[in-house]
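Working through the structure, step by step
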Amino acid sequence: SRRTMSSRRFFVPSAIIITTIFNPLNTDGLSNSFPTIIDRAPSWTDLTTRTLSTTTGAQLSHHRHLRCNTGGGPAHIDATLRLFNEINDDLSTAGKRHFITENDVRVTFYRDSAGWCPYCQKVWLVLEEKRIPYKVKTVPLNAYGDKPAWFTRLVDGGKLPVIEIDGMLVTESF
């Protein structure tokens, strides 16, 4: 037996409503109506507003602010700077204490952009556990395409992870 369109079952997300609209131009003697899908999903702006109004949304927004603007907050794959809000007791400041800024950071950590390289994770964990302030530069793994030319000029073979400490490169993660 042949199945017609009206006998098929379709999964319809709750945000979409199916209505039947009368078609006055139909003259073939079959049906005078056809299904129409009307999208009732909320906009991204509405979803963002709803999310940020929750406790969890507000906390996530706060952590994103810390990550993007202060180098603080919990560790995250999107962080490009980690400062840990440590105090710098550098003698050159005549004993005055001040918060570490991006200009004070001596370590740059080059890691994979996806955040799943186990060798990079090992170095990342040590930096976090020891609370060593660092900058992050991400480089794609070979699985995601060629490494940028600037990185292959910096590191022979383009292997990750790499730590740069005061201009000296360390390329082994033992």
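Residues numbered from 1 in each chain as written. Predicted model: local features only at pLDDT ≥ 70, side-chain atom pairs only at ≥ 80, totals over all residues. Heavy atoms only, no water.

**What to know about the overall build of the protein**
Along the protein, the regular secondary structure elements total four helices and nine strands. Helices and strands in the protein line up, N terminus first, as β-β-α-α-β-β-β-β-α-β-α-β-β. Here the protein holds 174 residues, and the buried ones make up 22% of them. Across the protein, every contact between residues at least 6 apart in sequence was considered, and the portion connecting residues at least 24 apart equals 45%. (Helix = DSSP H or I, 4+ residues; strand = E, 2+ residues; numbered from the N terminus. Buried < 20%, exposed > 50% of the residue type's maximum accessible area, 1.4 Å probe, protein only. Contact = heavy atoms within 4.5 Å.)

**Some points on the side chain of Glu-164**
With respect to the helices and strands, Glu-164 occurs in strand 8 (residues 162–165). The side chain of Glu-164 is buried and forms no salt bridge, while Lys-137, the nearest opposite charge, is found at 6.6 Å. For Glu-164, the side chain forms a polar contact with the side chain of Tyr-110, separated by 2.9 Å. (Lys, Arg positive; Asp, Glu negative; His and termini not counted. Salt bridge = Lys/Arg side-chain N within 4 Å of Asp/Glu carboxyl O. Polar contact = N/O pair within 3.5 Å; in protein donor to acceptor, adjacent residues only side chain to side chain.)

**Looking at the sheet that holds strand 7 (residues 134–139)**
Judged by pairing direction, the sheet is mixed, and its five strands sit side by side in the order 3-7-6-8-9 without closing on themselves. Either end of the sheet is taken by a strand with one partner, and the two such strands are strand 3 (81–82) and strand 9 (168–170). As paired strands, strand 6 (residues 107–112) and strand 8 are joined by four bridges and run antiparallel to one another. Within strand 8, the position partnered with Phe-109 by the bridge is Ile-163. Contacts from helix 3 (residues 118–130) reach strand 3, strand 6, strand 7 and strand 8, with the element oriented near 145 degrees to strand 6. (Pairing = 2+ DSSP bridges. Axes fitted to C-alpha atoms, helices over the stretch in contact; angles between N-to-C directions.)

**Notes on the pattern of salt bridges**
For the structure on display, the rule yields two salt bridges. Linking Glu-128 and Arg-82 is a salt bridge whose minimum nitrogen-to-oxygen distance equals 2.8 Å. Pair noted here: Glu-128 is in helix 3 and Arg-82 is in strand 3, with a separation of 46 residues, a long-range link. Residue classification places Glu-128 among the buried positions, given a relative accessible area of 16%. A salt bridge links Arg-106 to Asp-166; the nearest nitrogen and oxygen atoms lie 2.5 Å apart. Taken together, the residues Arg-106 in the loop between strand 5 (98–99) and strand 6 and Asp-166 in the loop between strand 8 and strand 9 connect sequence positions 60 residues apart.

**Section: the confidence of the model for the protein**
Confidence along the protein averages 79 in pLDDT terms, with 70% of residues attaining 70 or more. Here residues 14–20 is modelled with pLDDT under 50, and outside its nearest four sequence neighbours on either side it reaches 22 contacts, counting other chains as well. (pLDDT = per-residue confidence, 0-100.)

**A look at the pairing of strand 7**
On any regular strand, side chains alternate: one points to one face of the sheet, the next to the other face. One ladder, built from two bridges, connects strand 3 with strand 7; its direction is antiparallel. Considered in strand 7, the bridge of Arg-82 is made with Tyr-134. Here six bridges tie strand 6 to strand 7, and the two strands are oriented parallel to one another. In the strand pairing of strand 7, Val-107 is matched with Tyr-134. As a crossover connection, the stretch from strand 6 through helix 3 into strand 7 is right-handed. (Right-handed = clockwise from strand over helix to strand, strands pointing away.)

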